[in-house]
Amino acid sequence: MQHLIFSKWGALEEKVVRARKNMILRHIELLENNGFPIPSLVDLATLAAFDRLTTLDFGAKASGLPASQSSFLTIAVDIASAWKRADLVRDLRSKMKTVKTPGGIAPDLQAKIFAFDDRKMRKLMLHATTALTTTVDDPHSALPVLQAALGVVLIGLSAQPVRVSRTARFTHGLDTQDDRAAFATISVAGRPFPLPENVQEAIGKLRWRLATVADSNFIIVKADGTLKTTSAITVSVNNLSEAAGARTDPQTLGGAVILSLLERGVAWQKVCQHIGWSQERNFFRRFRPLIEFVGQSDYADKAGDNR
């Protein structure tokens, strides 16, 4: 087990590793309780174990079977790879291509994403950039409005949920020799994103305004310099979008950004990289309905063994 953890899961968060270990133990217990002994961990990473677990619905509801199959195969490949069993890796990856990976977007959210078309997107982005550029010079302008506009811009750039975009940082400090660089690039989830030129000056002024109360590179902060909460940003973005006449919420906006990129012909793997997802299979599982909508649904050919 230690060999597997350190060789394959060393870069994962502790809670993810713990969840995977617990899943392995549940699978072993389920198999052994149903007459399928697992003498060693590598015996779990077999198609025979997969087939037996499938007949048992992986110990859960039948409706969740595809997700359980997908999760098991992902872990099984890691186990087989750690034990240098190329034969098992080959068989397991071949099986991956036959599993119907479920979409991870609820039907009501899908409907909202499809309804938020490019016209509404342009309307909201115009309102957000206008709010930034026309009110930032007013020292009495409401900070929540400016931060809401900035939140919309960040989600539009990165398609990240609020819980991620709220911790966005300026890539460069204010002590840089080139002020333009200090306001030109932001980092969301560790990935750099150039800011649109038409908002750089406004964001620069906002940053200098916040510098009087906050000694940090965080972008979305309260007047006292502390980070805003996810719920506070969500409410602000909701209110700003309603004022723009393009009512939406951050989750819908992020999904609409991803759909827009896909509709422009960007391969879904490139979209996955753009927003910083490390696992293509997880991205495909989450956004399958959008990927299928634009005709990029052939996972086996486009992802295959590229994990």
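All of these numbers come straight from a predicted model, not from anything done at the bench.

A.B. asks: Please explain the overall build of the protein as it appears in this structure.
C.D. replies: Each helix and strand counted, the protein has 16 helices and 3 strands in total. Burial status across the protein gives 45% buried among its 307 residues. Considering only residue pairs separated by 6 or more positions, the protein has 63% of its internal contacts joining residues 24 or more positions apart.

A.B. asks: Explanation requested: unusual backbone geometry in the structure shown.
C.D. replies: As a rule of thumb, non-glycine residues mostly have phi less than zero, and peptide bonds are mostly trans rather than cis. One non-glycine residue, D57, lies in the positive phi region at around 55°. Residue K84 is not a glycine yet carries a positive backbone phi of 55°. Residue placement: K84 occurs in the loop between α4 (65–82) and α5 (86–96). Given the relative accessible area of 73%, K84 is considered exposed.

A.B. asks: Even after reading the chapter, I still don't get the environment of T230, so can you show me in this structure?
C.D. replies: One can find T230 in helix α12 (residues 230–243). A C-alpha to C-alpha distance of 5.7 Å links T230 and R163, two positions 67 residues apart in sequence. Residues contacting T230, with those up to four places away along its chain left out, are V162, R163 and R166.

A.B. asks: Please explain the sheet that holds strand β3 (residues 191–194) as it appears in this structure.
C.D. replies: Picture the strands of a sheet paired through backbone hydrogen bonds; they go either parallel or antiparallel. The antiparallel open sheet is built from 3 strands, whose spatial order is β1-β2-β3. Two strands close off the open sheet at either side, each with one partner strand: β1 (169–170) and β3.

A.B. asks: Explain the nonpolar core to me, please; I cannot follow it from the model alone.
C.D. replies: For soluble globular proteins, the rule of thumb is that nonpolar side chains tend to be buried together. With 59 residues, the main nonpolar core has L253, I258 and F283 as its most contacted residues. Considering each element in turn, this core owes the most residues, 10 residues, to helix α8 (residues 143–158). Excluding residues that lie within four positions of it along the chain, F283 makes contacts with I258, W268, V271, C272, I275, W277 and I291. Counting 26 residues, the second largest nonpolar core, distinct from the first, contains A49, L65, L73 and L88.

A.B. asks: Would you take a moment to explain the pairing of strand β2 (residues 185–188) for this structure?
C.D. replies: Burial of the side chains of β2 extends over both faces: T185 and S187 are buried on one face and I186 and V188 on the other. Bridge count for β1 against β2 is 2 bridges, and the pairing is antiparallel. Residue pairing for β2: F170 is matched across the bridge by I186. Relative to β3, β2 runs antiparallel, the two sharing 4 bridges. If you follow V188 over to β3, its bridge partner there is R191. Linking β2 to β3, which pair antiparallel, is a turn of 2 residues; within it A189 sits at a positive phi near 55°.

A.B. asks: What should I look at first to understand the packing of helix α7 (residues 118–135) against α12 in this one?
C.D. replies: Each pair of packed helices can be summarised by the angle the axes make with each other and by the distance between the axes. One way to put it is that α7 packs onto α12 with a least axis distance of 9 Å and a crossing angle of 105°. With respect to their mutual orientation, α7 and α12 come out roughly perpendicular. Mapping the contact onto sequence places L124, H127 and A128 in α7 and L240, S241 and A243 in α12. Grouping the amino acids of the contact of α7 with α12 by side-chain chemistry returns 4 nonpolar, 2 polar and no charged.

A.B. asks: Please clarify how the pattern of salt bridges should be interpreted in this entry.
C.D. replies: When their charged atoms lie close together, side chains carrying opposite charge are able to pair. Within the structure shown, the criterion is met by 7 salt bridges. The salt bridge partner of D137 is K205, with a shortest N-O separation of 2.9 Å. Of this pair, D137 sits in the loop between α7 and α8 while K205 sits in helix α11 (residues 197–211), and the two are 68 residues apart along the sequence. According to the relative accessible area criterion, K205 is partly exposed, its value standing at 33%.

A.B. asks: It is not clear to me how the packing of helix α2 (residues 14–33) against helix α3 (residues 47–55) should be interpreted in this structure. Could you clarify?
C.D. replies: It is the contact of α2 with α3, at a shortest axis distance of 10 Å, that shows an interaxial angle of 80°. With respect to α3, the axis of α2 lies roughly perpendicular. Contact residues: H27, L30 and L31 in α2; A49, R52 and L53 in α3. Broken down by class, the residue content of the contact of α2 with α3 amounts to 4 nonpolar, 1 polar and 1 charged.

A.B. asks: I tried to follow the side chain of Q160 on my own but got confused; where do I start?
C.D. replies: Within the secondary structure layout, Q160 lies in the loop between α8 and α9 (162–165). Looking at Q160, its side chain comes within polar contact range of the main-chain oxygen of I275, at 2.4 Å. Among residues more than four places away in sequence, those in contact with Q160 are I155, S165, V188, A189 and I275.

A.B. asks: What exactly am I supposed to notice about the packing of aromatic side chains here?
C.D. replies: What describes a pair of aromatic rings is the distance from one ring centre to the other and the angle between the planes of the rings. Applying the stated rule across the entire model yields 9 aromatic pairs. With 6.0 Å between their ring centres and 35° between their planes, F50 and F72 make a pair best called tilted. With a gap of 22 residues between them, F50 in helix α3 and F72 in helix α4 connect regions that are remote in the sequence. Consider the rings of W268 and F283, whose centres lie 6.2 Å apart with planes at 5°: the pair is stacked. With W268 in helix α14 (residues 268–274) and F283 in helix α15 (residues 280–293), this residue pair connects regions lying 15 residues apart in the sequence. With respect to class, W268 is no different from F283; both count as buried. Of the aromatic side chains, those joined through ring pairs into one cluster are W268, W277, F283, F284 and F287. Stacked on the ring of F218, the Lys or Arg R169 has its end atom at 3.9 Å from the ring centre. Cation over ring: R286 sits above F287, and NZ or CZ is 5.7 Å from the ring centre.

Scoring rules and cut-offs
- Residues numbered from 1 in each chain as written.
- Predicted model: local features only at pLDDT ≥ 70, side-chain atom pairs only at ≥ 80, totals over all residues.
- Heavy atoms only, no water.
- Helix = DSSP H or I, 4+ residues; strand = E, 2+ residues; numbered from the N terminus.
- Buried < 20%, exposed > 50% of the residue type's maximum accessible area, 1.4 Å probe, protein only.
- Contact = heavy atoms within 4.5 Å.
- Pairing = 2+ DSSP bridges.
- Core = buried A, V, L, I, M, F, W, Y, C linked by side-chain atoms within 4.5 Å.
- Axes fitted to C-alpha atoms, helices over the stretch in contact; angles between N-to-C directions.
- Parallel < 35°, antiparallel > 145°, perpendicular 65-115°, else oblique.
- Nonpolar A, V, L, I, M, F, W, Y, C, P; charged D, E, K, R; others polar.
- Salt bridge = Lys/Arg side-chain N within 4 Å of Asp/Glu carboxyl O.
- Polar contact = N/O pair within 3.5 Å; in protein donor to acceptor, adjacent residues only side chain to side chain.
- Phe/Tyr/Trp six-rings, centres within 6.5 Å; stacked < 30°, edge-to-face > 60°.
- Lys NZ or Arg CZ within 6 Å of the ring centre and 35° of its normal.

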